[in-house]
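Per-entry structural report
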Amino acid sequence: MDLNFSGKQVLVRVDFNVPLDKETLKVTDDTRIRRALPTITHILEEGGAVVLMSHLGRPMKKLKEDGTINKEMFSLKNIVPRLTDLLGVEIQFCDETVGEKASSMAEKLKRGQLLLLENTRFNEGEKKGDEEFAKALASLGDIYVNDAFGTAHRAHASTTTVAQYFDEDHKCFGFLLANELKNASKVTNNPQRPFVAIVGGAKVSDKMLLLDRLIDQVDTLIVGGGMAYTFMKAQGGQIGNSLCEEDRLELANQLIEKAKKKGVNLLLPSDSVVADAFANDANFKIAPSGLIEEGWMGLDIGVYAQAEFANVIKQAKTILWNGPMGVFEMSSFANGTKLVAQAVADATKAGAFSLIGGGDSVAAVNQLGLAKQVSYVSTGGGAMLELLEGKELPGVKAMGGFEVEN
Ligand code: AMP
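A brief structural summary. Worth saying up front: this structure is predicted, and the values here are computed from it rather than measured.

Cut-offs used in this document
- Residues numbered from 1 in each chain as written.
- Predicted model: local features only at pLDDT ≥ 70, side-chain atom pairs only at ≥ 80, totals over all residues.
- Heavy atoms only, no water.
- Pairing = 2+ DSSP bridges.
- Helix = DSSP H or I, 4+ residues; strand = E, 2+ residues; numbered from the N terminus.
- Axes fitted to C-alpha atoms, helices over the stretch in contact; angles between N-to-C directions.
- Contact = heavy atoms within 4.5 Å.
- Buried < 20%, exposed > 50% of the residue type's maximum accessible area, 1.4 Å probe, protein only.
- Polar contact = N/O pair within 3.5 Å; in protein donor to acceptor, adjacent residues only side chain to side chain.
- Parallel < 35°, antiparallel > 145°, perpendicular 65-115°, else oblique.
- Left-handed = near helix turned anticlockwise from the far one by under 90°.
- Nonpolar A, V, L, I, M, F, W, Y, C, P; charged D, E, K, R; others polar.

1. A short note on the sheet that holds strand E3 (residues 91–93)
The strand order E3-E4-E2-E1-E5-E6 describes an open sheet built from six strands, whose pairing is parallel. For this open sheet the edge positions go to E3 and strand E6 (171–173), each flanked by a neighbour on one side alone. Adjacent strand axes in the sheet meet at a mean angle of 25° when their direction is disregarded. Two strands pair when backbone bridges link them, and E3 and strand E4 (residues 114–116) are joined in this way by three bridges, in the parallel orientation. If you follow Ile-91 over to E4, its bridge partner there is Leu-114. On the sheet, helix H1 (residues 31–45) packs against strand E1 (9–13), strand E2 (49–53), E4 and strand E5 (143–146) and is oriented at approximately 155° with respect to E2.

What follows is the structure, encoded as structure tokens:
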């Protein structure tokens, strides 16, 4: 953000893909809007005019019965009231993304004024990364700022293609995107040791690459959540009715072997909270994770595993956490996730760097009120996952890459 924005028309790609209430169409979680504010405010205060663009939802996938786009439900107009409250400046809204009206409204903007364009995904060209569409977007700004970390892993027109129409001196990352990259690099580039990664969530298949990559980097890899049972079964355990991906059993064993070879401590939950139904009011008890009876399923890590995981986490100097330890949405099975979150907060207090890397673990730390007690909470699920898997994000590459200052 070291460009001079004074007197400039600045095209800013943000990630305002926020959840809306289905009935009232009001924003129900404004985290992503809040996190984009520093960039917008900085440009406005420096005397620039801001042309904001974002996508919202998947309008092309959820067409109306007559086959047309549901322009009401997916309109960025729905976020104007919340954005106005948060920014404290008047927002002009254009009901098209590109075209004569958008160009004319953008041209008339004065210093310190802000124009919000309609959902980029109302245009066929967005997801295709179409050059014509990207060029039309580019014509709306003298400078392009990409602050949309949550969509940086997509090679779309407004996140990637558009960047080619601006030279080095006329494009840059916004504060949020740069911060996300900087924080991710603290775990991917020479992390302080011990480095402990905690991976949970439902499926091994979603996080295969991440697990594989982490084994190359960490000292300890904690695997919890539903995915742990595929590992338990692969090792000959009985897992009853717990989640299992039969087609990943071999992969699970390969990962365990790789960890052994590399001297990585791969920890699985030795015990589980098992229930007789997938319901908060089901009967539940503690059982060894490899000895779960038929008719019972592991829905959380057990008390021994909780203590063991917490103990390892508290000794870490770098922590990465992606995915809950159990079905934390149900209070009966939220304890494991809670204790892990608390251990991450405690380790952070004791000097560790902790990154909460997207998705449901972010929801968990927010729900527990611990977001301020960890070092960094990412705004991007898929994008953070790809970064941690070692991929270069198209939205970052298009800007000429990112260099971390040490
Ligand atoms: P993910 O999106 O892959 O991080 O998975 C998050 C989801 O995994 C949450 O909705 C959790 O309820 C679910 N989950 C975590 N542990 C389990 C488990 N042991 N059995 C079933 N689902 C689980």
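2. Quick look at helix H13 (residues 381–388)
Most of H13 is tucked away, with six of its eight residues classed as buried. Among the residues of H13, Ala-383, Met-384, Leu-385, Glu-386, Leu-387 and Leu-388 are the ones counted as buried. Packed against the buried residues of H13 are helix H6 (175–188), helix H7 (208–217), strand E15 (318–322) and strand E16 (353–356). Positioned one or two residues after H13, Gly-390 has a phi angle of 90°, which is positive.

3. Looking at the sheet that holds strand E14 (residues 297–301)
Reading across the sheet, the three strands line up as E12-E11-E14 and stay open at both edges, with antiparallel pairing between neighbours. Only two strands of the sheet have a single partner each, and these edge strands are strand E12 (284–288) and E14. On average, each strand axis in the sheet is inclined to that of its neighbour by 45°, with strand direction left out of account.

4. Section: the environment of Ser-361
Relative to the assigned elements, Ser-361 resides in helix H12 (residues 360–367). For Ser-361, a relative accessible area of 0% corresponds to the buried category. Excluding its chain neighbours within four sequence positions, the residues that come into contact with Ser-361 are Trp-321, Asn-322, Gly-323, Pro-324 and Ile-356. Within polar-contact distance, the side chain of Ser-361 engages the backbone nitrogen of Gly-323 at 2.9 Å.

5. Concerning the packing of H1 against helix H2 (residues 80–87)
Packing of H1 against H2 brings their axes to within 11 Å, and their N-to-C directions diverge by 55°. When the interaxial angle is binned, H1 and H2 end up oblique. Of the two possible hands of crossing, H1 and H2 adopt the one that is right-handed. Where H1 abuts H2, its residues Ile-33, Arg-34, Leu-37, Ile-40 and Thr-41 lie against Arg-82, Leu-83, Leu-86 and Leu-87. Its residues assigned to classes, the contact of H1 with H2 comprises six nonpolar, one polar and two charged.

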